[in-house]
Number of protein chains: 2
Amino acid sequence: MAKKGYSKSDIGEMEDRFRARFINSLSGYKSANLIGTIDNNGQHNLSIVSSVFHLGANPPLLGMIVRPHSVSRHTLENIVETGYYTINSVCREVYQQAHQTSARYRKEESEFEKVGLTPELSEVIKAPYVKESPMQIGMVLCEHTTMSVNQTELVIGEVQEIRVEGQAVMQDGYIDLDTLDLVAISGLDSYHTAERLSRLSYAKPETLPRELDTSGK
Amino acid sequence: MAKKGYSKSDIGEMEDRFRARFINSLSGYKSANLIGTIDNNGQHNLSIVSSVFHLGANPPLLGMIVRPHSVSRHTLENIVETGYYTINSVCREVYQQAHQTSARYRKEESEFEKVGLTPELSEVIKAPYVKESPMQIGMVLCEHTTMSVNQTELVIGEVQEIRVEGQAVMQDGYIDLDTLDLVAISGLDSYHTAERLSRLSYAKPETLPRELDTSGK
């Protein structure tokens, strides 16, 4: 199939929403997560993000990008206020409700109530989990930085607690996301399920990778 | 299904490679991209990363995390040396070759040659594309920062050029990654194809999201 080229000036001339959809598609499939927070008055907030990324395993760190003037602004305010948040994987069963959290609700409205998801409390984390999520991660804020290139906020947190459906954790530590029925996002608004091709053995210069099953054997 | 809980001390006590697989699984499905670079002696380098993320559409910015002492170290050195790199989406046809670029080849060896992928040159970008990739993105380095929390490097670049199979670009700007047969990564070594559930209409407080087809209608 023939490729079409887009130059820097082509991108500059794109209509704003066209460019947003186009550029948001470039990074490939993205994780779908719901961020749960609470403010100091006890008001819950929930927002979908597609920007959570792995930063390191030891200590266990995750990063995410938040736009300060977007519908995620209450999420950022609450994280800074309390120092806590939850990351909840979105599965097929609730992806439409997860998407609906991106509507511009008022701060005194709980997205949990509005979209029909259930807050679940923890003794460790001062933020609500999403009960319907098959993988819940409790986070403490490490640092947040305003990116000088475009004034978005980089939020970095340390994992404090994980709750995951037990049978998904393989003997070697890998978590089988396919059995959790997690979804991926592409662009701004497209949701996908995934199917494993295979796991591959650790790559070494002298040999080709070997296909492994889900358990890593 | 019952959830199993893991506390901070459970995570601390995990065997290193178990923890690496476990924590790398937490963020969900990740994009699979090959980063192409060249050094000032003309030596090509290619490495797979799962950490490319969207940072902003206008200007068009992508971020990625690189571990300075990992097999990606030549990638980082070359980006800093030349100021250029390419991001090439990994499709099903080449995912095993893409994985093999993570083997620890010597700096004077080209991963293109070693794994059997074809460098493709550009007039705009001083870095090789992967010819076999259905979506190629030419990048200029904006900034790189050492993250104080764990000494990984955050690399931010601006999109200069995009080459994508034309029929995948929808009328509203969305790029149909499923038809490009892109793969996603989970954990350290698992590769997945994706299947669209649906696109969803822009969320508003008063209405529920509507399912859209691939073209956004």
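Here, the structure is the one placed above.
The notes below deal with the structure included here.

Procedures and definitions
- Residues numbered from 1 in each chain as written.
- Chains lettered and ligands numbered in written order.
- Predicted model: local features only at pLDDT ≥ 70, side-chain atom pairs only at ≥ 80, totals over all residues.
- Heavy atoms only, no water.
- Core = buried A, V, L, I, M, F, W, Y, C linked by side-chain atoms within 4.5 Å.
- Buried < 20%, exposed > 50% of the residue type's maximum accessible area, 1.4 Å probe, protein only.
- Contact = heavy atoms within 4.5 Å.
- Buried area = accessible area lost by both parts, 1.4 Å probe.
- Salt bridge = Lys/Arg side-chain N within 4 Å of Asp/Glu carboxyl O.
- Polar contact = N/O pair within 3.5 Å; in protein donor to acceptor, adjacent residues only side chain to side chain.
- Nonpolar A, V, L, I, M, F, W, Y, C, P; charged D, E, K, R; others polar.
- Pairing = 2+ DSSP bridges.
- Helix = DSSP H or I, 4+ residues; strand = E, 2+ residues; numbered from the N terminus.
- 1 Å grid on protein atoms, 1.4 Å probe; cavity = no way out; pocket = protein on both sides within 12 Å on 5 of 7 lines; lining within 4 Å.
- Points joined across faces, edges and corners; volume = space filled by probe spheres on them.
- Least-squares fit on C-alpha atoms with pLDDT ≥ 70 in both.

**Examining the nonpolar core**
Ranked by internal contacts, the top residues of the largest apolar core, which has 104 residues, are Met64(A), Ile162(A), Ile175(A), Met64(B), Ile162(B) and Ile175(B). In terms of nonpolar packing, the next biggest core, distinct from the first, is built from 14 residues, Phe53(A), Leu55(A), Leu154(A) and Leu55(B) among them.

**As for the interface of chain B and chain A**
Think of interface size as the accessible area that goes away when the parts come together; that is how it is often given. Between chain B and chain A, the contact holds 107 residues from the first and 106 residues from the second. Across the chain B to chain A interface the summed buried area is about 9,100 Å²; carbon plus sulfur atoms make up 59%. Among the residues chain B hides against chain A, the three largest losses belong to Lys3(B), Tyr29(B) and Leu197(B). Together they make up 9% of the total. Of the charged contacts, one joins Arg199(A) and Asp189(B) as a salt bridge, the two residues approaching to 2.8 Å between their closest N and O atoms. Viewed at the interface, chain A and chain B are joined by 61 residue pairs in polar contact (both at pLDDT 80 or more). Of the residues contributing to the side of chain B that touches chain A, the split by class is 48 nonpolar, 34 polar and 25 charged. Pairing between strand 1 (residues 3-7) of chain A and strand 11 (residues 153-165) of chain B: 5 bridges, direction antiparallel. Bridge assignment links Ser7(A) to a residue of strand 11 of chain B, and that residue is Glu161(B).

**Concerning the layout of surface pockets**
In this model, the second largest pocket occupies a volume close to 1,400 Å³. Forming the boundary of the second largest pocket are 43 residues, of which Asn24(A), Arg67(A), Ser70(A), Leu188(A) and Tyr202(B) lie nearest the centre. Elements with a minimum of two residues in the lining of the second largest pocket: helix 2 (16-25), strand 4 (44-49) and strand 6 (60-66) of chain A together with strand 5 (53-57) and strand 13 (190-200) of chain B. Partitioned by chemical class, the residues of the lining of the second largest pocket number 17 nonpolar, 18 polar and 8 charged.

**Quick notes on the relation of the copies chain B and chain A**
Superposing chain B onto chain A takes a rotation of 180° plus a shift of 0.0 Å along the axis, which leaves an RMSD of 0.0 Å. The relationship between the two copies is best expressed as a two-fold rotation axis. Residue Ala194(B) of chain B places its C-alpha closer to the rotation axis than any other residue of that unit, at 2.2 Å. A share of 99% of the interface residues of chain B reappears at the interface of chain A, consistent with the copies meeting face to face through the same patch.

**A few points about the side chain of His74(B)**
Residues and elements named next belong to chain B. Considering the arrangement of structural elements, one finds histidine 74 in helix 3 (residues 73-82). Look at histidine 74 and you get buried, because its relative accessible area is 7%. Dropping the residues within four chain positions of it, histidine 74 is found in contact with Asn45, Tyr105, Arg106 and Lys107.

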